[in-house]
Amino acid sequence: MDSGEKKQLSIRRTTLIVVLITSFMMPFSMTALNIAVPIIGKEFHSSAIMLGWVISSFMFCTAVLAVPFGRIADIKGRRGILILGILIFAVGSALSIFSTSMPLLIAFRGVQGVGGAMIFATNIAML
C-alpha cells in the first residue's frame with residue numbers, strides 16, 4: 001500500500017467517524033433534553049407551554065431548514081456546511097448551558113437547531 005492509498009483510507013475513516021459522531025449528536029440532544037425537562041421547569045419556574053417550546057424550537061428549526069441547507073450544501077460543498085453546522089450546534093449547546101431565562105434557552109435551542117439542520121442535511125450525503 002503506497003502513501004496515496006494510506007492517505008485515502010485515512011480520509012475515509014475520518015469521514016466515517018465524523019458521520020457516526022454527528023449522527024449520534026442529534027438524537028442524543030433531543031433525548032437528553034426530554035429527561036432534563038422537569039429539572040429545567042423547576043429551575044426557571046416555567047409553565048408546561050414554555051417547556052414545550054424548549055423542545056419544539058430545536059425540532060422546528062431543524063425541520064424547516066434541513067432542505068434549504070441541503071440545497072446550499074449541494075451548491076457550496078457538503079464538507080463546509082457540515083463543519084459550520086457542527087460549530088453552530090456546539091455554540092448553541094454552550095450558550096444553552098449559560099441560559100439565565102426561559103426565552104434565552106428557547107432561542108439558544110433554536111440556534112442549536114440551525115446547526116442540527118446543517119448536520120442533518122449533509123451527514124449521510126458525506127458517506
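Above: the structure in question.
All of the points below concern the structure found in this document. Bear in mind that the values here come from a model prediction, so they are computed numbers and not experimental data.

**Thoughts on the packing of helix H1 (residues 3-44) against helix H3 (residues 78-97)**
Alright, step 1. Orientation of H1 relative to H3, taken along the N-to-C sense of each, is 35 degrees, at an axis distance of 12 Å. Crossing hand, H1 versus H3: left-handed. Between H1, through Val18, Thr22, Met25, Met26 and Ser29, and H3, the contact on the second element is made entirely by Leu82, Ile86 and Phe89.
Alright, step 2. Among the residues making up the contact of H1 with H3, the classes are represented as six nonpolar, two polar and no charged.

**Things to note about the nonpolar core**
Alright, step 1. Listed in full, the eight residues of the largest apolar core are Leu33, Val37, Ile40, Leu51, Val54, Met102, Leu105 and Ile106.
Alright, step 2. If you list the elements that add at least two residues to this core, you get H1, helix H2 (48-76) and helix H4 (102-126).
Alright, step 3. Setting aside chain neighbours within four positions, we find methionine 102 in contact with Ile40, Phe44, Ser46, Met50, Leu51 and Val54.
Alright, step 4. Listed in part, the six residues of the second largest apolar core include Met25, Met26, Leu82 and Phe89.

**Some thoughts on H1**
Alright, step 1. Helix geometry: H1 is bent most strongly at alanine 36, by close to 50 degrees, with proline proline 38 lying one to four residues after it.
Alright, step 2. Restricting attention to buried positions, one finds in H1 the residues Val19, Thr22, Met25, Met26, Ser29, Leu33, Val37, Ile40 and Gly41.
Alright, step 3. Along its buried surface, H1 packs onto H2, H3 and H4.

**Notes on the environment of isoleucine 83**
Alright, step 1. Residue placement: isoleucine 83 occurs in helix H3.
Alright, step 2. On a C-alpha basis, the gap between isoleucine 83 and isoleucine 119 in space is 8.1 Å, while along the polypeptide they are 36 residues apart.

**Let's talk about H2**
Alright, step 1. Taking 1.5 Å of rise per residue, 29 residues should cover 42 Å, and H2 covers 40 Å from first to last C-alpha, within 8% of that figure.
Alright, step 2. On its buried face, H2 is in contact with H1, H3 and H4.
Alright, step 3. Where H2 terminates, the next one or two residues include glycine 77, which has phi positive at roughly 120 degrees.

Calculation rules
- Residues numbered from 1 in each chain as written.
- Predicted model: local features only at pLDDT ≥ 70, side-chain atom pairs only at ≥ 80, totals over all residues.
- Heavy atoms only, no water.
- Axes fitted to C-alpha atoms, helices over the stretch in contact; angles between N-to-C directions.
- Helix = DSSP H or I, 4+ residues; strand = E, 2+ residues; numbered from the N terminus.
- Left-handed = near helix turned anticlockwise from the far one by under 90°.
- Contact = heavy atoms within 4.5 Å.
- Nonpolar A, V, L, I, M, F, W, Y, C, P; charged D, E, K, R; others polar.
- Core = buried A, V, L, I, M, F, W, Y, C linked by side-chain atoms within 4.5 Å.
- Buried < 20%, exposed > 50% of the residue type's maximum accessible area, 1.4 Å probe, protein only.
- Bend = angle between axes of the 7 residues up to and from the residue.
- Expected span 1.5 Å × (residues − 1).

Worth remembering: the numbers are spatial, not functional.
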